[in-house]
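Residues per chain, in single letters:
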Amino acid sequence: ELPRRAWLEWGDSSRLARFLPPGQVTELQVPSTVLGGTRRIWVYTPLGYGAADSSDDNLVVAFDGGVYTGDIPLPRILDSLIAAGAIPPTVAVLIDNASGRERLDDLANRARFAAFVTDELVPWIQGHYRVSADPRRTVITGSSAGGLAAAYLAFRRPDLFGNVLSQSGAFWRGNEASNGPPYEWLTAQYRDSAPRAVRFFLDVGGNEWHGAMGGAAPSILDANRRLHDVLRARGYSVEYFEVPNGAHSPADWRLRLPVGLAALAGRPPK
């Protein structure tokens, strides 16, 4: 295992990746009947992708693609992890999500957006790229509402997504982007449903203790703690970490993202 300092440096602007040949990032528009138009995505393919004797690659699906090509440099983090042998060759799909209310219309327990990802986007990716269809080799990830969406899609479709990497997931939210009670809707679904074949890596900032909605709703920290407890009680494989003094910020998420990717994709599934 590499020293913790190395992991932090990979997250911090992917310093190691500056000395590596990069993979390729391609911006595309994917057609969608569900959404009624197209949706922008970025597809990362690792160095050497497309070699004639290569097998299917692992797959990472990430929300807030604009953030994960910028403030959280997921492509360069993957370059570093792959080059170090910490994870196998991996293709990543970074989905564009808007800001404000439109973003929540995608990511806050929304069945319509989930249908786009599971019924249209994933089959499109599988038809155009050489990626594994094994859910144990697929990681779905995001931060804040994106972390919530990752856990939500894995709950709905564990046959597609066998690994959830959530950072500061907004698990306090209700169903279908509701800002009101009942809060922590998704946690209740995991509590009351048969366990899925899904592994989790959850982290949350120690400073995320302020209640959402001006204190009317649970805090992100408390909601993550309760989801962790429910998952453990239901027999899920969970790695959970509270980041000391961690804030709700890409500057913090980028430091732990490579740790989560290595934890979920870097060891054989049980």
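Above this note sits the structure.
Some points on the overall build of the protein
- Of regular secondary structure, the protein possesses nine helices and eight strands.
- Relative to its length of 270 residues, the protein is compact, with a C-alpha radius of gyration of 17 Å against a globular reference of 18 Å.
- Looking at the protein as a whole, 54% of its 270 residues qualify as buried.
- Long-range pairs, those at least 24 residues apart, make up 75% of the contacts in the protein between residues at least 6 apart in sequence.
- In the structure as shown, the protein presents an accessible area of about 11,300 Å², 52% of it carried by carbon and sulfur atoms.
- Positive and negative side-chain charges in the protein, numbering 28 and 28 respectively, have mean positions lying 3 Å apart.

Re the packing of aromatic side chains
- A full pass over the atoms with the stated rule returns nine aromatic pairs.
- Aromatic side chains Tyr-152 and Trp-185 sit 6.1 Å apart centroid to centroid with 55° between the ring planes, which places their arrangement in the tilted category. Highlighted residues: Tyr-152 in helix H6 (residues 145-156) and Trp-185 in helix H7 (residues 185-192), separated in sequence by 33 residues.
- When the centroid spacing of 5.6 Å and the interplanar angle of 80° are considered together, the rings of Tyr-190 and Phe-200 count as edge-to-face.

So, unusual backbone geometry
- A cis geometry characterises the amide bond from Pro-181 onward to Pro-182, with omega recorded as 0°.
- Positive phi, close to 60°, is recorded for Asn-245, a residue that is not glycine.
- Exposure remark for Asn-245: the relative accessible area of 64% places this residue in the exposed category.

A few points about the nonpolar core
- Membership of the largest hydrophobic core comes to 56 residues, with the highest contact counts inside it found for Phe-63, Tyr-190 and Phe-200.
- Top element by residues in this core is H6. It accounts for nine residues.
- Ignoring any residue separated from it by four or fewer positions in sequence, one finds Phe-200 in contact with Ala-151, Val-164, Tyr-190, Leu-231, Tyr-236, Ser-237, Val-238, Glu-239 and Leu-264.
- With 24 residues, the next largest nonpolar core counts Val-60, Ile-72, Leu-81 and Val-259 among its residues.

Some details on empty space enclosed by the protein
- Applying the stated criterion to the full structure yields two cavities of 30 Å³ or more.
- Estimated volume of the largest cavity: approximately 50 Å³.
- Gln-167, Ser-168, Asp-203, Val-204, Gly-205, Glu-208, Val-243, Ala-247, Asp-252, Trp-253 and Arg-256 together form the lining of the largest cavity.
- Looking at the lining of the largest cavity residue by residue, the class counts come to four nonpolar, three polar and four charged.
- In this structure, the second largest cavity encloses a volume near 40 Å³.
- Around the second largest cavity, the lining residues are Leu-59, Val-122, Gln-126, Ser-132, Ala-133, Asp-134, Thr-138 and Leu-160.
- A class-by-class count of the residues in the lining of the second largest cavity yields four nonpolar, three polar and one charged.

Observations concerning the pairing of strand E3 (residues 58-62)
- Here E3 lies mainly inside the structure; five of its five residues are buried.
- Both faces of E3 are covered, namely the face carrying Asn-58, Val-60 and Ala-62 and the face carrying Leu-59 and Val-61.
- Where E3 lies against strand E4 (residues 90-95), five bridges are found, and the strand directions are parallel. Its bridge partner being in E4, Ala-62 is matched across the sheet by Leu-94.
- Sheet topology places E3 next to strand E5 (residues 138-143); four bridges connect them, and they run parallel.

So, how was this worked out
- Residues numbered from 1 in each chain as written.
- Predicted model: local features only at pLDDT ≥ 70, side-chain atom pairs only at ≥ 80, totals over all residues.
- Heavy atoms only, no water.
- Helix = DSSP H or I, 4+ residues; strand = E, 2+ residues; numbered from the N terminus.
- Rg over C-alpha atoms; globule rule 2.2 N^0.38 Å.
- Buried < 20%, exposed > 50% of the residue type's maximum accessible area, 1.4 Å probe, protein only.
- Contact = heavy atoms within 4.5 Å.
- Areas by Shrake-Rupley, 256 points an atom, 1.4 Å probe, with all protein chains shown as cover.
- Lys, Arg positive; Asp, Glu negative; His and termini not counted.
- Charge placed at Lys NZ, Arg CZ, Asp CG, Glu CD.
- Phe/Tyr/Trp six-rings, centres within 6.5 Å; stacked < 30°, edge-to-face > 60°.
- Core = buried A, V, L, I, M, F, W, Y, C linked by side-chain atoms within 4.5 Å.
- 1 Å grid on protein atoms, 1.4 Å probe; cavity = no way out; pocket = protein on both sides within 12 Å on 5 of 7 lines; lining within 4 Å.
- Points joined across faces, edges and corners; volume = space filled by probe spheres on them.
- Nonpolar A, V, L, I, M, F, W, Y, C, P; charged D, E, K, R; others polar.
- Pairing = 2+ DSSP bridges.

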